[in-house]
Amino acid sequence: MGDTMEQNSILEMKNIRKVFPGVVALDNVDFTVRKGEIHALVGENGAGKSTLMKVLSGVYPFGTYTGEIKIDGKVMAFQGIKDSEAAQVSVIYQELTMLKNMNVCENIFLGNEVKKGAFIDWNEAFVKSRKVLEEVCLNVNPETPVLNLGMGAQQLIEIAKAIVKDCRILVLDEPTAALTETEAENLLSLLRVFRSKGMSCIFISHKLNEVFSIADRITVLTDGKTVGTYDTDKLTEDKLISLMVGRVLTQRYPPIDHTPVDETALEVKGWTVYDPEISGRIALDNISFSARKGEIVGFAGLMGAGRTELFLSMMGVWGRRSSGEISLYGKELSERSPSGMIQAGISYLSEDRKGKGLILMENIIKNMTLPSLEKRQHNGFIDRERELRAVEDMAHQLQVKTPSLEQLAQNLSGGNQQKVSLGKWLMTEPKVLILDEPTRGIDVGAKYEIYTIMHKLAKSGICILMVSSELPEVLGVSDRVIVVREGKIAGELLRAEATQESIMAYATGGM
Ligand SMILES: Nc1ncnc2c1ncn2[C@@H]1O[C@H](COP(=O)(O)OP(=O)(O)OP(=O)(O)O)[C@@H](O)[C@H]1O
Ligand SMILES: [Mg+2]
């Protein structure tokens, strides 16, 4: 058995140890990938998944870690990404690296230009782009600016980029986090095609249903250590979760323990907004809704239905408003700027994937306290002690994994960055809290904690509006669901009436 496995394996990482100041990110990790398999790498936020892949790709060069990497049985000592690419490894990172103002073709060949003498042969590049776009089933002109493409298409272009480099080991770090369900399914089918051609694929995801639908084997990391590698068909989701979080999680959603108060917190009337980029396009058409004190309202809809635009325009950061009004506890709000809205009591956690709305060069304390600064000042004086205690408390509640609160945001794992940005809006002590995809990239255990916090906030009287593309999440935490379709409100469902089917029917117009 041992022998055949060695023969089948394309990649072996042994005893990998990688240390950052104050953090042992990888503690003697073993990880073996076979030829032509899809191998999922799972674990809680901060478990070391992305770091392990950065060791593999040479982002962390040979010498900055200990242990051994073998490809096809040969020991590798990558000095950088170029070296791992030469060994036919391609990594698509958690944060996409596309250059938005370049076109598709330029992005595909970025850093890997087709040369004719000293010049770039754009004709050849164009022809090759066509071919590779076909391979990833993306029907766009290679000259399309990336700026105009959605996340799904951008993710496929990243894969195209890997294919032109002839990769044999493709690593995808949370590739579906920002995709719609259909886009995610397309991506998974594509990976199955690649597998049938003998490519190996390392797939990192917090979406365990995807992991189960696609992976041949699963390796679990906790706290920088390998828990084990398992055949997918010998595991269940519950078993996998207990391996990841070290305990059994019987429920994915905490019980609802709050009742909305019969008092309107937020009222939006006749909200109509034009798209600032496409002249004449009405992005939001006469939207009216209200939300009560202590209520959690879920906003469902297809990607592009206008949910994010609705809240961005309410915060005054997007769109050309033509009409409409917002009132908070009966008082009409006239100033529409982010700071004005925060002052009034409305906070918004944006869905932004790359920056997570954080200042990456600043530490956790600074990031968490930034928007609440004005509120916390007493006669122009900030109580640093109190502030620190508040941050400690919040970081503890959200289980932010970090050696210290002075850690720079850029050094946190993706999921922990998301927790910090959630924490910073909670610290503004809002009356209305808008959460746009609050659990994107968050592990199952921490998701539960975040839902618990949401219930606690609702119980204390805060009104929460949540945008989520995961229907089970919308159903699991909302008191009421509002469905948005093509910039209009398509329907509204009470908790008791809401099902995946009833929501989808409104979302797609199939009523
Ligand atoms: N550049 C860095 N400097 C300091 N610490 C770091 C750095 N990069 C990662 N870490 C730490 O190493 C640990 C592992 O992080 P990593 O990003 O690999 O986690 P992950 O498993 O990918 O988590 P997530 O699911 O949240 O993306 C974390 O504790 C993280 O804070
Ligand atoms: Mg990660």
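This section reports on the structure supplied with the text.

Conventions used here
Residues numbered from 1 in each chain as written. Chains lettered and ligands numbered in written order. Predicted model: local features only at pLDDT ≥ 70, side-chain atom pairs only at ≥ 80, totals over all residues. Heavy atoms only, no water. Helix = DSSP H or I, 4+ residues; strand = E, 2+ residues; numbered from the N terminus. Rg over C-alpha atoms; globule rule 2.2 N^0.38 Å. Buried < 20%, exposed > 50% of the residue type's maximum accessible area, 1.4 Å probe, protein only. Contact = heavy atoms within 4.5 Å. Lys, Arg positive; Asp, Glu negative; His and termini not counted. Charge placed at Lys NZ, Arg CZ, Asp CG, Glu CD. Polar contact = N/O pair within 3.5 Å; in protein donor to acceptor, adjacent residues only side chain to side chain. Near = heavy atom within 4 Å. Pairing = 2+ DSSP bridges. Axes fitted to C-alpha atoms, helices over the stretch in contact; angles between N-to-C directions. Phe/Tyr/Trp six-rings, centres within 6.5 Å; stacked < 30°, edge-to-face > 60°. Lys NZ or Arg CZ within 6 Å of the ring centre and 35° of its normal. Patch = residues over 30% accessible without salt bridge, like charges linked within 9 Å, V, L, I, M, F, W, Y side chains within 5 Å. Areas by Shrake-Rupley, 256 points an atom, 1.4 Å probe, with all protein chains shown as cover. Salt bridge = Lys/Arg side-chain N within 4 Å of Asp/Glu carboxyl O. Expected span 1.5 Å × (residues − 1). Arc of directions from axis to C-beta.

1. Regarding the overall build of the protein
Move 1: Regarding its fold elements, the protein presents 18 helices and 22 strands.
Move 2: The globule rule puts the C-alpha radius of gyration for 511 residues at 24 Å, and the 24 Å found for the protein is close to it.
Move 3: Seen through its C-alpha atoms, the protein measures out along the principal axes to roughly 70 × 50 × 45 Å.
Move 4: Taken over 511 residues, the protein has a buried fraction of 53%.
Move 5: Once local pairs closer than 6 in sequence are excluded, the contacts in the protein between residues at least 24 apart make up 67%.
Move 6: If you average the places of the 59 positive and of the 67 negative side-chain charges in the protein, the two averages end up 2 Å apart.

2. Some remarks on the environment of E12
Move 1: Topologically, E12 is positioned in strand β1 (residues 9-20).
Move 2: In terms of polar contacts, E12 uses its side chain to reach the side chain of K14, at 3.2 Å.

3. Let's talk about the site of ligand 1
Move 1: Neighbouring ligand 1 are 22 residues, the closest being G46, K49, T51, S413 and G415.
Move 2: Here G46 contributes a backbone N or O atom positioned 2.8 Å from an oxygen atom of ligand 1.
Move 3: The separation between an oxygen atom of ligand 1 and a polar main-chain atom of N411 is 3.2 Å.
Move 4: Of all the elements in the fold, those that place two or more residues in the shell around ligand 1 are β2 (23-34), α2 (49-57) and α15 (414-426).
Move 5: With three residues, α2 is the largest single contributor of residues to the shell around ligand 1.

4. Here's the deal with the sheet that holds strand β5 (residues 74-76)
Move 1: The antiparallel open sheet is built from four strands, whose spatial order is β2-β1-β4-β5. The open sheet terminates on both sides in strands that have one partner only, identified here as β2 and β5. Strand-to-strand, the axes of this sheet are offset by a mean angle of 25°, without reference to chain direction.
Move 2: Here β1 runs beside strand β4 (residues 66-71); their pairing, made up of five bridges, is antiparallel. Bridge assignment links R17 to a residue of β4, and that residue is T66.
Move 3: Against the sheet, α2 touches β1, β2 and β4, its axis set at about 115° to β1.

5. Digging into unusual backbone geometry
Move 1: Even without being glycine, N15 reaches a positive phi, approximately 55°.
Move 2: A positive phi angle, near 55°, is found at Q399, a position not held by glycine.
Move 3: Structurally, Q399 is set in the loop between α14 (384-397) and α15.

6. Re the packing of aromatic side chains
What characterises a pair of aromatic rings is the spacing of the ring centres plus the angle enclosed by the ring planes.
Move 1: The tally for this structure, following the rule as stated, stands at five aromatic pairs.
Move 2: Each ring, one from F289 and one from F299, has its centre 5.3 Å from the other, and the planes form 70°; the classification is edge-to-face. Of this pair, F289 sits in strand β14 (residues 282-292) while F299 sits in strand β15 (residues 296-300), placing them ten residues apart in sequence.
Move 3: Its relative accessible area of 5% is what places F289 among the buried residues.
Move 4: Arranged with centres 5.0 Å apart and planes meeting at 85°, the rings of F299 and F311 form a pair that is edge-to-face. With F299 in strand β15 and F311 in helix α10 (residues 307-314), this residue pair connects regions lying twelve residues apart in the sequence.
Move 5: Note on F299: relative accessible area 0%, which makes it buried.
Move 6: One aromatic cluster in this structure is built from F289, F299 and F311.
Move 7: Here K18 stacks its cationic end above the ring of Y60, 4.5 Å away from the centre of that ring.

7. So, the pairing of strand β19 (residues 432-436)
Move 1: Taking burial as the measure, the five residues of β19 include five buried ones, the bulk of the element.
Move 2: With burial as the criterion, each face of β19 is covered, one bearing V432, I434 and D436 and the other bearing L433 and L435.
Move 3: Pairing of strand β18 (residues 346-349) with β19, which is carried by four bridges, proceeds in the parallel orientation. When the bridges of β19 are listed, I346 appears paired with V432.

8. Overview of a nonpolar patch on the surface
Move 1: Taken together, the side chains of I359, M361 and L370 define a hydrophobic patch exposed on the protein surface, amounting to about 280 Å² of accessible area.
Move 2: As for its placement among the helices and strands, I359 is situated in the loop between β18 and α12 (364-369).

9. Details of α14
Move 1: With 14 residues, α14 should reach 20 Å at 1.5 Å per residue; the first-to-last C-alpha distance of 20 Å fits that figure.
Move 2: Of all the residues in α14, the buried ones are E387, V391, M394 and A395. Angularly, the buried residues of α14 cover 100° about the axis, an arc narrow enough to put them on a single face. For α14, exposure combined with an orientation more than 90 degrees from the buried face picks out E385 and H396.
Move 3: Looking at the residues trailing α14, positive phi occurs at Q399, about 55°.

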